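# Fold and geometry: a report
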Amino acid sequence: MKECIAMLLAGGQGSRLYVLTQRLAKPAVPFGGKYRIIDFPLSNCVNSGIDTVGILTQYQPLVLNEYIGNGQPWDLDRLYGGVHVLPPYQTATGSDWYKGTANAIYQNINFIDRYEPKYVVILSGDHIYKMDYGKMLDFHKEKQADCTIAVMEVPWEEASRFGIMTADENGAVTKFEEKPREPKSNLASMGIYIFTWEKLRKFLVEDEANPASDNDFGKNIIPGMLAAGERMAAFPFEGYWKDVGTIDSLWEANMDLLNPKMPLDVWSDEWKIYSRNSGMPGQWVGAEASIDNSMITEGCRVEGKLVQSVLFAGVKVGEGAVVQDSIIMPGAVIEPGATVKYSIIAENTVIRTGAVVGERPEDMEDLTKWGIAVVGEGVTIGQGAKVGPKAMVVKDVKDGEEQW
């Protein structure tokens, strides 16, 4: 028997990340030079004392499954408990894809029942943050809640993007609206829930029996429990948290790692973020290289100029090349004399000599045309080619060509 287990929703398509998620699930997208997004909730579980985690996969799971393996990097290779990858499966009565977040948990009720937990933590696989779920569980017990939702204050102009809570002075949720047009509160749900399992199980079964339901926590389960008068509590969170489900937010979160004023510390041994290391040698910096406020990871070779950028494992930046305000994912090659600015370059991409990808806003006359340039996995940008701001490149660009 386990007092508390975690269920990590990692099956989303991540369509707003465009070319970065054409071949892999959103939680498997590289982050911060050494990690993948899923490392954060997995590490939070381990650091919080939760040793049983079900990872619900669906869309493009190959890389994610391979990365998780037996869970050893996160100390989740256990005989009883540990990490389990849970894709949709066939039963005697048929099979079905996960239809929504609530349906995904419903389809794995038998897995949860195996451990007879009193509490279940529901997590998303596309958030960057550090959180002690143990403190949230203590809060859940203290409030004698049936459901506790982690919340944080967001700017009023962004409130309509979130599920919005209204809570009284004791932290009890009195109202919930999913992405309201005219929000009455700026207390946003972070998509992190703790449920008393007996109560959640009942609502999952009832929700599945309702043919009109979207089978979603935000749209159905949370409003349903609130309407039924169940005890709902709002757990306040004040640390760093970012949903990296868009190109801009993914870029911003990587840049936040380089900002000493941002409370996102991946180097702390007190709350370590674990990952499956690549086993590459240490990074190499050439005699003529210039590196300013950037993060480089093992196996990198830098001979050019690097400014305010994040380089993942095995990246090569040639002599005379310039990489500025950009994210360069594993195995990418920036050849000598190439320029990459305000861009995200996916894995195993090649930017040939003299090519230019992206542009700084300060260099543009019309800022409405500005945005992050993105080059997809395995793409080659030919010699002297140019890729403009906002471009989403999914196939090779020939020598001298332009793509906007």
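Values in this document were obtained by computation on a predicted structure and should not be read as measured data.

With that settled, consider the overall build of the protein chain. Of regular secondary structure, the protein chain possesses eight helices and 34 strands. Here the C-alpha radius of gyration of the protein chain, 22 Å, is about what a compact globule of 404 residues would show, namely 22 Å. The principal-axis extent of the C-alpha atoms belonging to the protein chain is close to 65 × 50 × 45 Å. Counting only residues that meet the buried cut, the protein chain has 56% of its 404 residues in that class.

Within a beta sheet, neighbouring strands are joined by backbone hydrogen bonds and run either parallel or antiparallel to one another. Across the sheet, which stays open at both edges, the six strands sit in the order β16-β19-β22-β25-β28-β31 with parallel pairing between neighbours. Each of the sheet's edge strands pairs with one partner strand only, and the pair in question is β16 (284-285) and β31 (380-381). The sheet contact formed by strand β25 (residues 333-334) and strand β28 (residues 350-351) spans two bridges and is parallel. For I334, the partnering residue across the bridge sits in β28 and is I351.

As a further point, take empty space enclosed by the protein. This model, assessed by the stated rule, comprises two cavities of 30 Å³ or more. In this model, the largest cavity occupies a volume close to 70 Å³. In this structure, the largest cavity is lined by V19, L20, L24, V29, P30, M329, A346, E347 and E377. Of the residues in the lining of the largest cavity, the class split is seven nonpolar, no polar and two charged. Size it by volume and the second largest cavity reaches roughly 30 Å³. Contributing to the lining of the second largest cavity are I164, T166, K175, F176, E177, K184 and S185. Only β11 (163-167) and β12 (173-178) provide two or more residues apiece to the lining of the second largest cavity. A per-class count over the lining of the second largest cavity returns two nonpolar, two polar and three charged.

Let us now look at the nonpolar core. By size, the foremost hydrophobic cluster in this structure holds 43 residues, and its most contacted members are I38, I55, L123, M131 and I192. Non-local contacts of I192, meaning those with residues more than four positions away in its chain, are made with I122, L123, Y129, M131, Y133, M136, T148, I149, A150 and W241.

Turning our attention to the sheet that holds strand β20 (residues 305-307). Sheet architecture is open: seven strands sit in the order β17-β20-β23-β26-β29-β32-β34, paired in parallel fashion. Lying at the two open borders of the sheet, with one neighbouring strand each, are β17 (290-292) and β34 (402-403).

It is worth spelling out unusual backbone geometry at this point. Even without glycine at this site, Q308 takes up a positive phi of about 50 degrees. Checked against the element boundaries, Q308 lands in the loop between β20 and β21 (310-311). Relative accessible area serves as the criterion here: at 24%, Q308 is assigned to the partly exposed category. You will see that D325, though not glycine, has its phi angle at about 50 degrees, which is positive. Residue position: D325 is located in the loop between β23 (322-324) and β24 (327-328).

Take the layout of surface pockets next. Roughly 1,300 Å³ of volume is contained in the largest pocket. Lining the largest pocket we find 43 residues, and of these K26, T101, S124, D126 and D216 sit closest to its centre. For the lining of the largest pocket, the secondary structure elements donating two or more residues are α3 (101-106), β8 (119-124), β12, β13 (187-196), α7 (217-227) and β15 (241-243). Ranked by residues supplied to the lining of the largest pocket, first place goes to β13 with four residues. Looking at the lining of the largest pocket residue by residue, the class counts come to 14 nonpolar, 18 polar and eleven charged.

Turning to the pairing of strand β4 (residues 52-56), a few remarks are in order. By the criterion of burial, β4 is predominantly enclosed, with five of the five residues buried. Of the two faces of β4, the one holding T52, G54 and L56 and the one holding V53 and I55 are both buried throughout. In this sheet, β4 lies alongside strand β1 (residues 4-9) in parallel orientation, the contact comprising four bridges. Residue M7 lies in a different strand from β4, and its bridge partner there is G54. Sheet analysis places β4 next to strand β5 (residues 82-86), joined by five bridges and oriented parallel. In the sheet register, G54 faces β5, and the bridge partner there is H84. After leaving β4, the chain enters helix α2 (residues 62-68) and then returns to the sheet as β5, a path that is right-handed.

Extensive coverage of helix α8 (residues 247-256) is indicated by the burial of eight of its ten residues. I247, S249, L250, W251, A253, N254, M255 and D256 are the residues of α8 that are buried.

Applying the stated rule across the entire model yields twelve aromatic pairs. Ring geometry for Y80 against Y115: centres 5.3 Å apart, planes inclined by 50 degrees, an arrangement best described as tilted. Of this pair, Y80 sits in the loop between α2 and β5 while Y115 sits in the loop between α4 (109-114) and β8; the two residues are 35 residues apart in sequence, bridging distant segments of the chain. Overall, Y115 belongs to the buried group, its relative accessible area being 2%. Considering the side-chain rings of F195 and F217, the 5.6 Å spacing of their centres and the 35 degrees angle between planes classify their relative orientation as tilted. Note that F195 is positioned in strand β13 and F217 in helix α7, a separation of 22 residues in sequence. There is no split in this pair, since F195 and F217 are both buried. Put simply, the rings of F31, Y35 and F40 touch in pairs and so form one group of aromatic residues. Across from the ring centre of Y67, 5.4 Å away, lies the NZ or CZ of R36, which sits over that ring.

About the criteria used
- Residues numbered from 1 in each chain as written.
- Predicted model: local features only at pLDDT ≥ 70, side-chain atom pairs only at ≥ 80, totals over all residues.
- Heavy atoms only, no water.
- Helix = DSSP H or I, 4+ residues; strand = E, 2+ residues; numbered from the N terminus.
- Rg over C-alpha atoms; globule rule 2.2 N^0.38 Å.
- Buried < 20%, exposed > 50% of the residue type's maximum accessible area, 1.4 Å probe, protein only.
- Pairing = 2+ DSSP bridges.
- 1 Å grid on protein atoms, 1.4 Å probe; cavity = no way out; pocket = protein on both sides within 12 Å on 5 of 7 lines; lining within 4 Å.
- Points joined across faces, edges and corners; volume = space filled by probe spheres on them.
- Nonpolar A, V, L, I, M, F, W, Y, C, P; charged D, E, K, R; others polar.
- Core = buried A, V, L, I, M, F, W, Y, C linked by side-chain atoms within 4.5 Å.
- Contact = heavy atoms within 4.5 Å.
- Right-handed = clockwise from strand over helix to strand, strands pointing away.
- Phe/Tyr/Trp six-rings, centres within 6.5 Å; stacked < 30°, edge-to-face > 60°.
- Lys NZ or Arg CZ within 6 Å of the ring centre and 35° of its normal.

Everything listed here is a matter of geometry and, on its own, says nothing about what the molecule does.
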